[in-house]
Amino acid sequence: MTQPFYISGATRIYPIIGDPIAQVKSPAGMTAAFVEAGLNAVVVPIQTSVDDVDDFIRTAGRTKNIDGIIVTIPHKFVSLTHCATATERARIVGSINVLSRNADGTWHGEMFDGLGMLGGIRSQGGDPVGKKTLLVGAGGAGRAIAQALLDADVSELAIFDVDAKRREELITRLQEFYGDRVKAGSSDPTGFELVVNATPMGMRPEDPFPVQVEKLSPEAFAACVITAPAVSPWSEAARKKGCRTSVGIDMYKAEQNLMLKFFLQALGNASTASA
């Protein structure tokens, strides 16, 4: 049986930073996962603006009971600049969503959004392999998801973003590694077998759909990163078209397992280094 969790002076702290922050699931989910793993650790939501995030990360780096940081929008790009080391995946996409301590106290960065999306899709019976795929969103999460989809052997990846410059920068970057499988897309999902929303569109009731839902094929699989609401308007519209779907909580569950392993490994490495 899991022991009750009590916050004490010995509790280790893992902030999750973003703006907004009210939508995140990590404080409850990751804290419960830490407790289940036998750690006295808590995830605390921190709303910090783009103007203040650099100061926060620098301060966290000097705070001795902070062992790691989880990062959400819009801080995934700038957080990488605070890392002394990072995985190849993070370097390719240019963003991260977790930081852990190196043995010397500096930050190490990793990006799990892409692998989390793949896990969410597969948990609901989807399979990216060989699929003609449309990805909406070229931000921090979108970049990671794009790379993961290409590594998962989608046949083609078309990328759409309302920010044309950001879209073209991502396409150019990915073509260096994946060639002509990466193309420019639009909001028209006609002909695509897998459609992924990696934008916040749908968090507010007045948001437009990320794609032209009326053009979705009922045979397409529709995936979404949004966790609040639990089923975004886009996901609900896709279901009404007959599509199978995965939602943000499916992605989050897969990603939570990856983050837990990442932080546990970092603690193990730190213990080994100090032995």
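Keep in mind it's a predicted model, so treat the numbers as computed, not measured.

Enquirer: What exactly am I supposed to notice about helix α6 (residues 140–151) here?
Expert: Along an α-helix, residues three or four apart share an orientation, since each turn contains 3.6 residues. Look at α6: 17 Å from first C-alpha to last across twelve residues, which is about the 16 Å you get at 1.5 Å a residue. In terms of residue burial, α6 counts as a mostly covered element, since eleven of its twelve residues are buried. All of the buried residues along α6 are Gly 140, Ala 141, Gly 142, Arg 143, Ala 144, Ile 145, Ala 146, Gln 147, Ala 148, Leu 149 and Leu 150. Looking one or two places after α6, you find Asp 153, whose phi comes out positive at around 70°.

Enquirer: Any chance you could explain the nonpolar core here in plain terms?
Expert: Nonpolar side chains in soluble globular proteins generally cluster together in the buried interior. Counting 43 residues, the largest nonpolar core has Ile 145, Ile 159 and Val 196 as its most contacted members. The set of elements that each furnish at least two residues to this core consists of α5 (113–123), β7 (132–136), α6, β8 (156–160), α7 (164–178), β10 (194–197), β11 (221–224) and α8 (233–240). The element that contributes the greatest number of residues to this core is α6, accounting for five residues. The contact partners of Val 196, leaving out residues within four places of it in the chain, are Met 117, Ile 121, Leu 134, Leu 135, Val 136, Ile 145, Leu 149 and Ala 223.

Enquirer: I'm lost on the packing of aromatic side chains in this one. Help?
Expert: Aromatic rings considered in pairs are described by the distance between their centres and by the relative angle of their planes. Per the stated rule, a full pass over the model turns up six aromatic pairs. On the numbers, 4.7 Å between centres and 35° between planes, the contact of Tyr 14 with Phe 34 is tilted. Placement of the pair is Tyr 14 in strand β1 (residues 12–18) and Phe 34 in helix α1 (residues 26–36), with a sequence separation of 20 residues. With a relative accessible area of 2%, Tyr 14 lands in the buried category. By relative accessible area, Phe 34 is classed as buried at 0%. For the pair Phe 262 and Phe 263, a centre-to-centre distance of 5.4 Å together with 65° between the ring planes defines the contact as edge-to-face. Residues Phe 262 and Phe 263 agree in their burial class; the two are buried. Chaining the aromatic ring pairs together yields one cluster made of Tyr 14, Phe 34, Phe 112, Phe 262 and Phe 263. Directly above the aromatic system of Trp 107 lies the positively charged group of Arg 101, at a separation of 4.3 Å from the ring centroid. Just above the ring of Phe 192 sits the side chain of Lys 132; from NZ or CZ to the centre is 5.1 Å.

Enquirer: Just to check I follow, could you spell out unusual backbone geometry for this structure?
Expert: A negative phi angle is the norm for most residues apart from glycine, just as the trans form is the norm for most peptide bonds. Backbone torsion omega between Asp 19 and Pro 20 reads 10°, so that peptide bond is classified as cis. Structurally, Pro 20 can be placed in the loop between β1 and α1. Residue Pro 229 is reached from Ala 228 by a cis peptide bond, and omega for that bond is 5°. Looking at where Pro 229 falls in the secondary structure, it is placed in the loop between β11 and α8. Despite not being glycine, Asp 153 shows a phi value in the positive range, around 70°. With respect to the helices, strands and loops of the structure, Asp 153 is situated in the loop between α6 and β8. In this structure Asp 153 comes out as partly exposed when scored by relative accessible area, which is 48%.

Enquirer: So what exactly am I meant to see when it comes to the packing of α5 against α6 here?
Expert: In a pair of packed helices, the angle between the axes and the distance between the axes together describe the arrangement. Viewed as axis vectors pointing N to C, α5 and α6 meet at an angle of 60°, and their least axial separation amounts to 7 Å. Compared by their axis directions, α5 and α6 come out oblique. In this structure, α5 crosses over α6, and the sense of that crossing is right-handed. Judged by residue contacts, Asp 113, Gly 114, Leu 115, Met 117 and Leu 118 of α5 engage Ala 141, Ala 144, Ile 145, Ala 148 and Leu 149 from α6.

Enquirer: Quick question: what am I supposed to make of the packing of α6 against α7 here?
Expert: Two elements in contact, α6 and α7, have axes whose closest approach is 11 Å; the angle formed by their N-to-C orientations is 25°. Considering their axes alone, α6 and α7 lie roughly parallel with respect to each other. Between α6 and α7 lies a crossing whose hand is right-handed. Between α6, through Arg 143, Ala 146, Gln 147, Leu 150 and Asp 151, and α7, the contact on the second element is made entirely by Leu 170, Arg 173, Leu 174 and Tyr 178. Here the contact of α6 with α7 is composed, by residue class, of five nonpolar, one polar and three charged.

Enquirer: What should I look at first to understand the sheet that holds strand β6 (residues 107–110) in this one?
Expert: The pairing of strands in a sheet comes from backbone hydrogen bonds and takes either a parallel or an antiparallel form. The strand order β2-β1-β3-β5-β6-β4 describes an open sheet built from six strands, whose pairing is mixed. Each edge of the open sheet is held by one strand with a lone partner, namely β2 (41–47) and β4 (83–86). Each neighbouring strand pair of the sheet contributes to a mean axis angle of 25°, computed without reference to strand direction. Two elements, β1 and strand β3 (residues 68–71), share two bridges in a ladder whose sense is parallel. Within β3, the position partnered with Ile 16 by the bridge is Ile 70. Most of the contacts of α1 go to β2, to which it runs at about 165°, and overall it touches β1, β2 and β3. Relative to the sheet, helix α2 (residues 53–61) contacts β1, β2, β3, β5 (98–101) and β6, its axis offset from that of β1 by approximately 170°.

What counts and how
- As a convention, each chain's residues are numbered from 1 in the sequence order in which they are written.
- Per-residue local features of the predicted model are confined to residues with pLDDT of at least 70, and side-chain atom pairs are confined, for both listing and counting, to 80 or more; whole-chain, interface and lining totals are unaffected and use all residues.
- Water and hydrogen atoms were dropped before computing side-chain values, which therefore reflect all heavy atoms in the structure.
- Starting at the N terminus, helices and strands are each numbered in turn, a helix being any DSSP run of H or I of at least four residues and a strand any DSSP run of E of at least two.
- A helix is expected to reach a length of 1.5 Å times the quantity of its residues less one.
- Each residue is assigned to one of three classes by its accessible area relative to the maximum for its type, calculated with a 1.4 Å probe on protein chains only: buried under 20%, partly exposed between the two thresholds, exposed over 50%.
- To define a nonpolar core, start from buried Ala, Val, Leu, Ile, Met, Phe, Trp, Tyr and Cys residues and group those joined through side-chain atoms within 4.5 Å.
- Whether two residues touch is decided by their heavy atoms; if any such pair falls within 4.5 Å, the residues are in contact.
- A pair of Phe, Tyr and Trp rings is counted when the ring centres sit within 6.5 Å of each other, with Trp represented by its six-membered ring. The angle between the planes then sorts it: under 30 degrees is stacked, over 60 is edge-to-face, the rest tilted.
- A ring is scored as having a charge over it whenever the NZ atom of a lysine or the CZ atom of an arginine sits within 6 Å of its centre and within 35 degrees of its normal.
- Axes here refer to lines fitted to C-alpha atoms; in helices the fit is confined to the stretch in contact. Angles between the N-to-C directions go from 0 to 180 degrees.
- Should an angle fall under 35 degrees it is taken as roughly parallel, and over 145 as roughly antiparallel, whereas 65 to 115 is taken as roughly perpendicular and any remaining angle as oblique.
- We call a crossing left-handed when the near helix sits turned anticlockwise from the far one by less than a right angle, and right-handed when that turn is clockwise.
- Each residue receives one of three labels: charged for Asp, Glu, Lys and Arg, nonpolar for Ala, Val, Leu, Ile, Met, Phe, Trp, Tyr, Cys and Pro, and polar for the others, Gly being one of them.
- In short, DSSP must find at least two bridges between two strands for them to pair.

Everything listed is a geometric property; what it means functionally is a separate question.
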